[in-house]
Amino acid sequence: MLPLTRRTGTSSVVSVLYQTGNQLMPVSEALEDSTPFNRSVTSYSDGVKVYVNGKRDNWKVKGYTLPEYGWVALGDGLKAGT
């Protein structure tokens, strides 16, 4: 966790997208859809992206399989997750 917190602790959040159906969208659009959004991608100003799966089904992201409640953070020289 230390490499991740070092990177994201000094960065700004650029966007947070939520998955509804098969699309990632901002919360303002996701709220218009009646589908629960249990998956998210948070992007930081330094290029780090954190993918979080709160859904029972596995989520395949960038070559990783995230189980329920799993996450992965990816950035230049950074790979962390569960």
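You'll find the structure just up there.
Visitor: Looking at this structure, how should I read the environment of glycine 47?
Guide: Within the secondary structure layout, glycine 47 lies in the loop between strand 3 (39-44) and strand 4 (49-53). What makes glycine 47 partly exposed here is its relative accessible area of 44%. Put simply, glycine 47 and threonine 82 are 35 residues apart on the chain and 20 Å apart in space, counted from C-alpha to C-alpha. Apart from residues lying up to four places away in sequence, glycine 47 is in contact with Leu74 and Gly75.

Visitor: Just to check I follow, could you spell out the pairing of strand 4 for this structure?
Guide: Working note: regular strand, side chains alternate between the two faces of the sheet. Here strand 3 runs beside strand 4; their pairing, made up of five bridges, is antiparallel. Its bridge partner lying in strand 4, arginine 39 is registered against asparagine 53. The turn joining strand 3 and strand 4, which pair antiparallel and follow one another in sequence, is formed by four residues; a positive phi near 95 degrees is taken by glycine 47. Across four bridges, strand 4 lies against strand 7 (residues 71-75) in antiparallel orientation. Note that in strand 7 the partner of lysine 49 across the bridge is leucine 74.

Visitor: Help me understand the pairing of strand 2 (residues 23-26) in this model?
Guide: Across four bridges, the pairing between strand 1 (residues 13-20) and strand 2 is antiparallel. For threonine 20, the partnering residue across the bridge sits in strand 2 and is glutamine 23. Taking the residues between adjacent antiparallel strands as the criterion, strand 1 and strand 2 are bridged by two residues, where glycine 21 takes a positive phi near 65 degrees.

Visitor: Any chance you could explain the side chain of serine 40 here in plain terms?
Guide: Residue position: serine 40 is located in strand 3. Take serine 40: its relative accessible area is 13%, and that puts it in the buried class. If we ignore the near neighbours within four places in the chain, the residues touching serine 40 are Leu17, Tyr18, Val50, Tyr51, Val52 and Trp59.

Visitor: What should I look at first to understand the sheet that holds strand 4 in this one?
Guide: Ordered by their spatial adjacency, six strands build an open sheet running 2-1-3-4-7-8, and the pairing between neighbours is antiparallel. The outermost strands of the open sheet, each flanked by one partner alone, are strand 2 and strand 8 (78-81). On average, each strand axis in the sheet is tilted by 20 degrees relative to the strand beside it, whichever way the strands run.

Visitor: Even after reading the chapter, I still don't get the environment of serine 28, so can you show me in this structure?
Guide: In this structure, serine 28 sits in helix 2 (residues 27-30). Classification of serine 28 as partly exposed rests on a relative accessible area of 49%. When the C-alpha positions of serine 28 and tyrosine 64 are compared, they lie 28 Å apart, and in sequence the two are 36 residues distant.

About the cut-offs
Residues numbered from 1 in each chain as written. Predicted model: local features only at pLDDT ≥ 70, side-chain atom pairs only at ≥ 80, totals over all residues. Heavy atoms only, no water. Helix = DSSP H or I, 4+ residues; strand = E, 2+ residues; numbered from the N terminus. Buried < 20%, exposed > 50% of the residue type's maximum accessible area, 1.4 Å probe, protein only. Contact = heavy atoms within 4.5 Å. Pairing = 2+ DSSP bridges. Axes fitted to C-alpha atoms, helices over the stretch in contact; angles between N-to-C directions.

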